[in-house]
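# Geometric and topological summary
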Amino acid sequence: MKSDLNIRKRKFIFFLAPAILLFMVLTSATPPEPHPVPPQSYQIRTIVIDPGHGGRDSGAKGSRSLEKNIALEVALKLGKEIERQLPGVRVMFTRRTDEFIDLYKRIRMANAAKADIFISIHCNSAPGGSSRGTETIVSGSHRLGEQTAAIRENASLLLEENYKENYQGFDPKDPESYIIFSLMKNQYREKSIKLANLMQQEYVKSGRVSRGILEQGLAVLAEAGMPAVLTEIGFMNNRTEEAFMLSDEGQEEIVQNLVAAISAFKKSVER
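Summarised in this report is the structure supplied together with it. From a predicted model like this one, the values you see are computed outputs, not experimental measurements.

### Observations regarding helix 7 (residues 189-205)
Look at helix 7: 24 Å from first C-alpha to last across 17 residues, which is about the 24 Å you get at 1.5 Å a residue. By the burial criterion, the buried members of helix 7 are Ser192, Leu195, Ala196, Leu198, Met199, Gln200, Glu202 and Tyr203. Elements that come into contact with the buried residues of helix 7 comprise strand 3 (117-124), strand 4 (134-139), strand 5 (210-216), strand 6 (228-235) and helix 10 (248-269). Trailing helix 7 by a residue or two, glycine 207 shows a phi angle of about 95 degrees, which is positive.

If you want it as structure tokens, here you go:
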């Protein structure tokens, strides 16, 4: 009799013990804290510089020069100075000579190179010849009626073959067509604005007039897979600013402004 009782007790403990053990684990033990996942590092290793216009696309015209030539001169000098002041950063150009390159190909070059920054160099133009100063543009829709800079810069599309196919039916002459670019995902908007703001700050430190930061539907920036800006370094049809942009001193100042902004941006985003 006593033996049967012991057997029943052992069977009870055998079957119940795992359940008791599981209950104790679930109620008394707390799961270990997950290890925090470090944020993904962001390093500036490759910068693509895009001299605006080129070849049959001369851009804005001044009394003594063409936008395409000044943009190329400043871009090449900027590349050399970036490599000198920021060792370890690789610089690439969308063009090194006077050639025409489709706008969509420029930003795709940067995407293919996995660039960390894209900078397009341009010169401005406005009726009257009295406008002056700098402005830097990032990709965005803003208001459809305020796309004057984009309409001017996107006019280069008309020189491309099959531009409507390459830009999803976009018509640079139709302001309502700019909604196409506003629908494109721009995950680098915040960093682009930060870089643009730093550029404008550096221009102002040198005594230039800042015309601010604009969000416009620019074809050359629309597909950017990195922080991307287009900076207008001065007005071609303002004789004083044209002379400044043509001079070695003026180009050196512009280059130093841009390198200082890039360096500040690099320090602010790298971790």
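Having seen the structure, we can now continue with the description.
### Describing helix 2 (residues 67-85)
The periodicity of an α-helix, 3.6 residues per turn, causes residues three or four places apart in sequence to face the same way. With 19 residues, helix 2 extends 27 Å between its outermost C-alpha atoms, agreeing within 8% with the 27 Å of an ideal straight helix rising 1.5 Å per residue. Residues Glu67, Lys68, Ile70, Ala71, Leu72, Val74, Ala75, Leu78, Gly79, Glu81 and Ile82 constitute the buried set of helix 2.

### Regarding unusual backbone geometry
Of note in this structure, histidine 53 is not a glycine but carries a positive phi near 60 degrees. Here histidine 53 is to be found in the loop between strand 1 (46-51) and helix 2. The buried category is assigned to histidine 53, whose relative accessible area is 6%.

### Regarding the pairing of strand 6
Taken across its 8 residues, strand 6 has 8 buried, putting it largely inside the fold. Note: strand 3 against strand 6, 6 bridges, orientation parallel. Note that in strand 6 the partner of asparagine 124 across the bridge is phenylalanine 235. Here strand 4 pairs with strand 6 via 3 bridges, running antiparallel.

### Let's talk about the sheet that holds strand 6
Taken in spatial order, the 6 strands line up as 2-1-3-6-4-5 in an open sheet, and their pairing is mixed. Lying at the two open borders of the sheet, with one neighbouring strand each, are strand 2 (90-93) and strand 5. Taking the axes of each pair of neighbouring strands and ignoring which way they run, one obtains an average angle of 20 degrees across the sheet. Across the sheet, helix 2 lies against strand 1, strand 2, strand 3 and strand 6, angled at about 160 degrees from strand 1, the strand it touches most.

### Focus on the pattern of salt bridges
Per the stated rule, a full pass over the model turns up 11 salt bridges. Between arginine 211 and glutamate 135 there is a salt bridge, with its nearest N and O atoms 3.0 Å apart. Placement of the pair is arginine 211 in strand 5 and glutamate 135 in strand 4, with a sequence separation of 76 residues. Since its relative accessible area comes to 5%, glutamate 135 is described here as buried.

Rules behind the numbers
Residues numbered from 1 in each chain as written. Predicted model: local features only at pLDDT ≥ 70, side-chain atom pairs only at ≥ 80, totals over all residues. Heavy atoms only, no water. Helix = DSSP H or I, 4+ residues; strand = E, 2+ residues; numbered from the N terminus. Expected span 1.5 Å × (residues − 1). Buried < 20%, exposed > 50% of the residue type's maximum accessible area, 1.4 Å probe, protein only. Contact = heavy atoms within 4.5 Å. Pairing = 2+ DSSP bridges. Axes fitted to C-alpha atoms, helices over the stretch in contact; angles between N-to-C directions. Salt bridge = Lys/Arg side-chain N within 4 Å of Asp/Glu carboxyl O.

The analysis is restricted to geometry; functional conclusions fall outside its scope.
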